[in-house]
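A structural walkthrough
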Amino acid sequence: MRETGNVRENPIHILIDSGSTHNFLDVNTATKLGCKLKNTCPLVVSVANGETILTSSLAIPLFQTQVFGYDVPETATSTSSLLKGLKTFFYNQTIDHFTYSPESYQTFSQRYYVKSTNWGGGNSPIFVYLGDEQALDLEVGGSNLGFLEENAPKFKALTVYIEHRFYGKSNPLGSMEESIKNRKVRGYFNSAQALADFAEIILDLKKRYSATHSPIIVFGVSYGGMLATWFRLKYPHIALGALASSAPILKHVVSNDAYLQVVTKDYKDTSENCYKTIRESWTQIINLVSQSDGLSIINKKINTCSPLSTENIMYDFLFSTYIRAAQYDFPPYNPVESICKGIDGAPKTADAIDKVYAGLLSLFGNITCFSGSEASQVPAVDTPTDTTFGWPWQVCSEMISFGVASVKMNDTETMFPMIPPYDPKAKMQRCQAAYGVLPPPNWLQTYYGGQVCLLSYILLFSFLHLHLNF
């Protein structure tokens with residue numbers, strides 16, 4: 001459908017697809033029209049010819065039109081040439097790879113993207129990105145895309161991106177929320193089944209592209225990096241190597257100290273003053289808590305929406321905010337930098353708690369008050385996503401961590417205060433209440449290996465380097 005709009009009295013034609021959620025405008029056109037571009041989380045969108053485009057910003061509209069009485073939404077702009085040629089496919093995937101009951105043979109459609117414009121055919125490599133705990137369009141739309149696509153021409157590689165089962169459009173029931181509610185269906189939602197999915201699609205692609213001798217290199221980030229490592233271990237006959245970025249493959253056999261040290265380093269590298277201020281603020285908070293009116297003072301300093309009934313609420317809020325900011329510290333949001341900018345910009349006469357409050361305002365904006373739930377909004381999302389419903393199940397069913405210890409704050413460790421030794425009982429009780437299951441202790445170490453996995457992990461990187469560069 002075509003409508004007419006105006007930008008600074010210049011008429012333009014607007015083509016509208018009734019099945020689209022947004023209108024899309026070429027970034028060069030948006031610039032020529034004088035639109036103000038606002039950075040957003042990138043999004044991959046399939047278009048009519050089967051290819052995809054990547055949006056990276058919103059064009060704040062200088063024009064207004066209405067279609068059937070509704071305002072046309074803000075216009076997303078497409079900027080990336082890396083995605084040109086990326087096509088969407090669906091594989092008829094088996095719901096259960098490991099048992100032989102009648103329902104095991106049921107299937108669902110699993111989404112994946114392929115880009116063959118750099119493909120050299122023959123023995124050229126195939127780069128396979130293993131999706132993790134989010135929809136593939138969001139996954140590929142982030143900064144993860146660049147590394148594969150920038151290196152693919154050099155190696156004449158076919159690039160493939162596979163969506164993790166149950167996320168995005170690869171859900172057996174069509175909805176993550178509905179699948180998680182279904183006790184039987186959610187039992188098929190685990191990492192082992194996901195790895196088998198990847199194996200089936202990769203083998204099918206090798207057959208379709210007559211790529212029998214093409215080496216497979218799998219890639220992944222965070223949980224996806226764990227999957228890439230485990231895939232190389234479990235399917236060495238398929239994957240020649242794996243590149244795992246920020247993959248916490250040993251998080252289940254090491255203490256929380258190690259992770260908090262990494263978080264601390266993020267803040268320290270961003271700003272020494274920011275790091276020292278956060279450390280100092282904990283001491284001030286702990287000292288205030290020991291006073292009879294300490295919680296009410298903290299209420300006023302942090303501007304909480306309601307009086308604190310216990311100091312643990314504030315501890316949890318600050319812990320979660322600092323940790324999630326470090327975990328999701330990528331452009332254009334850069335939450336660690338945002339926190340430190342607020343802290344460093346606070347008046348020099350302010351105490352550490354007041355400076356931390358300035359950091360929170362810098363991160364979350366000038367909100368009326370803090371309820372304690374804001375940490376879950378780092379990075380901010382407007383509505384619940386598949387990750388909101390899916391990841392808690394994955395944590396309770398197999399990703400739960402038991403190998404942790406107490407945290408001590410000193411000059412050589414973290415910016416966090418001392419906390420009691422970790423007690424897994426509370427987490428297990430929450431899983432039991434939510435899903436009616438108890439997390440199996442040490443299952444990941446049993447199935448994938450613990451310290452032994454680290455040795456294989458290093459060898460994989462060496463192996464990958466030798467084969468790709470020589």
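A brief look at the structure comes next. Just so you know, these numbers come straight off a predicted model, no measurement behind them.

In this section: the pattern of salt bridges. Applying the stated criterion across every chain, the model contains 11 salt bridges. The partner of Arg111 in a salt bridge is Asp137, with the nearest N and O atoms 3.6 Å apart. Taken as a pair, Arg111 in strand 10 (residues 107–115) and Asp137 in helix 2 (residues 136–141) lie far apart in primary sequence, 26 residues in all. On the basis of relative accessibility, which here comes to 3%, the residue Arg111 falls in the buried class. The salt bridge involving Glu149 is made with Lys115; its shortest N-O contact spans 3.4 Å. Taken together, the residues Glu149 in helix 3 (residues 144–155) and Lys115 in strand 10 connect sequence positions 34 residues apart.

The term disulfide refers to a covalent linkage connecting the sulfur atoms of a pair of cysteines. Counted by the stated rule, this structure contains three disulfides. Between the sulfur atoms of Cys274 and its disulfide mate Cys340 the distance is 2.2 Å. Disulfide Cys274-Cys340: torsion about the S-S bond near -75°, hence left-handed. Linking Cys274 in helix 9 (residues 272–289) with Cys340 in helix 12 (residues 335–345), this pair joins segments that are 66 residues apart in sequence. Of the two residues examined, Cys274 and Cys340, each falls in the buried class. In the chain, the cysteines engaged in disulfides, taken in order along the sequence, are linked 1-3, 2-4, 5-6.

Right, let's get into the side chain of Ser281. Along the chain, Ser281 falls in helix 9. Ser281 gets classed as buried once you look at its relative accessible area, which sits at 2%.

Moving on, we come to the nonpolar core. One broad rule of soluble globular proteins: the nonpolar side chains tend to lie buried together. Core analysis: the largest hydrophobic core is formed by 39 residues, its most contacted members being Val128, Val160, Val218 and Phe231. Going through the elements one at a time, strand 10, strand 11 (126–130), strand 12 (158–162), helix 6 (191–208), strand 13 (216–221), helix 7 (223–234), strand 14 (241–245) and helix 16 (443–448) are the ones with two or more residues in this core. Counting residues per element, this core draws most heavily on helix 6, at nine residues. With residues near it in sequence (within four places) discarded, Phe231 still touches Leu130, Leu195, Phe198, Ala199, Ile202, Val218, Pro236, Ile238 and Ala239. In this structure, Ile285, Ala325, Cys340 and Phe370 belong to the second largest nonpolar core, which totals 35 residues.

The next thing to look at is helix 14 (residues 386–399). For helix 14, built from 14 residues, the straight-helix expectation of 20 Å at 1.5 Å per residue is missed by more than 12%, its first-to-last C-alpha distance being only 17 Å. When we look at burial in helix 14, the residues that qualify are Gly390, Trp393, Gln394, Cys396, Ser397, Glu398 and Met399.

Turning next to helix 13 (residues 352–364). With 13 residues, helix 13 extends 18 Å from end C-alpha to end C-alpha; this agrees with the ideal 18 Å at 1.5 Å per step. With 10 of 13 residues buried, helix 13 is to be regarded as a mostly interior element. All of the buried residues along helix 13 are Ala352, Ile353, Lys355, Val356, Tyr357, Gly359, Leu360, Leu361, Leu363 and Phe364. Those residues of helix 13 that are buried are in contact with helix 9, helix 10 (294–302), helix 11 (311–327) and helix 12.

This part is about the packing of helix 12 against helix 13. Running from N to C, helix 12 and helix 13 point in directions that differ by 135°, and their axes come no closer than 7 Å. On the basis of their axis angle, the class for helix 12 and helix 13 is oblique. Once helix 12 is placed against helix 13, the crossing between them reads as right-handed. Mapping the contact onto sequence places Pro335, Ser338, Ile339, Lys341, Gly342 and Ile343 in helix 12 and Lys355, Val356, Ala358, Gly359, Ser362 and Leu363 in helix 13. The class makeup of the residues in the contact of helix 12 with helix 13 is six nonpolar, four polar and two charged.

Parameters and conventions
Residues numbered from 1 in each chain as written. Predicted model: local features only at pLDDT ≥ 70, side-chain atom pairs only at ≥ 80, totals over all residues. Heavy atoms only, no water. Salt bridge = Lys/Arg side-chain N within 4 Å of Asp/Glu carboxyl O. Helix = DSSP H or I, 4+ residues; strand = E, 2+ residues; numbered from the N terminus. Buried < 20%, exposed > 50% of the residue type's maximum accessible area, 1.4 Å probe, protein only. Disulfide = S-S within 2.5 Å. Core = buried A, V, L, I, M, F, W, Y, C linked by side-chain atoms within 4.5 Å. Contact = heavy atoms within 4.5 Å. Expected span 1.5 Å × (residues − 1). Axes fitted to C-alpha atoms, helices over the stretch in contact; angles between N-to-C directions. Parallel < 35°, antiparallel > 145°, perpendicular 65-115°, else oblique. Left-handed = near helix turned anticlockwise from the far one by under 90°. Nonpolar A, V, L, I, M, F, W, Y, C, P; charged D, E, K, R; others polar.

Read these as geometric descriptors, not functional statements.
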